[in-house]
Amino acid sequence: MIKVAIIGASGYTGSESIRIILQHSEAKLTYLTALPQECGAVEDVFPQFKGRCNLQIEPLDLGKLSNLADVVLCCLPHKVSMGFVPKLLGTGLKVIDFSADYRLKDVAVYEQFYQVKHTDTANLAKAVFGLPEFFRQQIKGADLVANPGCYPTGALLAIAPLLEKGIVETDSIIVNAVTGISGAGRNPSSKFHFPNMNENLFAYGIGSHRHMPEMEQIAGEIAGSPVKILFQPHAGSFDRGILSTIYCQPKGKVSAEQLIGLYNDFYAEEPFVQICESAPAVKDVAGTNYCHIFATCVKGKVVVFSAIDNLVKGASGQAIQNMNIIFGLDETLGLE
């Protein structure tokens, strides 16, 4: 059994990780940590686990953790995670990091978008980007995996076949996406207070969202040349999920039938990517590690739709998929 610890277990991604590990046949939760004010019995912090998990969420004791775990799911915020990851790696643990601290390889870009100095560039250089559909071989046996952001996961899976096959122009891709309220995290804020959020939809991060350079970096790796993406996120009044609509300019003539064939062939061996015959919906993927994709042509443009659960394929589920790959397990364990 793989022994799993979760740092930052009191948040939404911590809760989702607990849920998935509890149904995993080859992994066992052994240690859960959070800030002192967020600690307590798991069933008190998350009543849905009453009778299912008798662990305590407690303040971090690195020595105790290193003796109890094989792998750590690091569910800490951006800028905070890089203060803990070197210590975790130093004890010989495998680490899957949920923050953006190890995703962007260009330190200057990271510091521009996150407004903080990167303090662990040595491990940044070694980190593997944890999008299994494209980096599976690098993930196998990796010590540090940078779990992708939720928006980049949905967008990159949607456009990767087009980029790899060189079907679309790479200087004019538009990604328009809507996320549920859980994307803002568990801590309350006035903007996401129920009277403000209910029956509401709004754009944010206009031209400056931190996931844009992440999308461009990985899209460029897939395409083999630089990719420019205009990304516009929105928040909607639903709990979970991300619906992305991507607009691309084709390099030549392409039909909807050709796109369907391309996508079916490209993802034929991928267990968590499903190609649909019509536009997907967030309710169809809620609570799952699946990504639903539909590609078509409209007025000479290639338009691709994707739907994922931001907390599962966009976070905890993908992390556990990565964990399975690291340890040589069937990557669908705990996720189907």
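Residues numbered from 1 in each chain as written. Predicted model: local features only at pLDDT ≥ 70, side-chain atom pairs only at ≥ 80, totals over all residues. Heavy atoms only, no water.

**Q** Help me get a handle on the sheet that holds strand β14 (residues 291-298), residues and values and all.
**A** The strand order across the open sheet formed by seven strands is β10-β11-β9-β12-β15-β14-β13, and the pairing between neighbours is mixed. The outermost strands of the open sheet, each flanked by one partner alone, are β10 (201-203) and β13 (273-275). Within this sheet the neighbouring strands show an average axis-to-axis angle of 20°, counted without direction. Note that β14 and strand β15 (residues 301-308) share seven bridges and pair antiparallel. Looking at β15, one finds that threonine 296 is bridged to valine 303. (Pairing = 2+ DSSP bridges. Helix = DSSP H or I, 4+ residues; strand = E, 2+ residues; numbered from the N terminus. Axes fitted to C-alpha atoms, helices over the stretch in contact; angles between N-to-C directions.)

**Q** Hey, could you go over the sheet that holds strand β4 (residues 56-58) for me, with residue numbers and the actual values?
**A** Strand order in the open sheet formed by eight strands is β3-β4-β2-β1-β5-β6-β8-β7, and the pairing between neighbours is mixed. Of all the strands in the sheet, the pair left with one neighbour each is β3 (40-41) and β7 (128-129). Bridge analysis of strand β6 (residues 94-97) against strand β8 (residues 144-146) gives three bridges, and the strand direction is parallel. Bridging across to β8, aspartate 97 finds its partner in alanine 146.

**Q** Which residues make up the pattern of salt bridges, and what values go with them?
**A** Applying the stated rule across the entire model yields 10 salt bridges. With a closest N to O distance of 2.9 Å, arginine 19 and glutamate 16 form a salt bridge. Placement of the pair is arginine 19 and glutamate 16 together in helix α1 (residues 12-22), with a separation of three residues, close to one helical turn. Arginine 19 gets classed as partly exposed once you look at its relative accessible area, which sits at 23%. The buried category is assigned to glutamate 16, whose relative accessible area is 7%. We note a salt bridge from lysine 50 to glutamate 43, for which the minimum N-O separation is 3.4 Å. Classification of lysine 50 as exposed rests on a relative accessible area of 58%. We classify glutamate 43 as partly exposed; its relative accessible area is 28%. Where salt bridges share partners, they join Glu16, Arg19, Arg240 and Asp309 into one cluster. (Salt bridge = Lys/Arg side-chain N within 4 Å of Asp/Glu carboxyl O. Buried < 20%, exposed > 50% of the residue type's maximum accessible area, 1.4 Å probe, protein only.)

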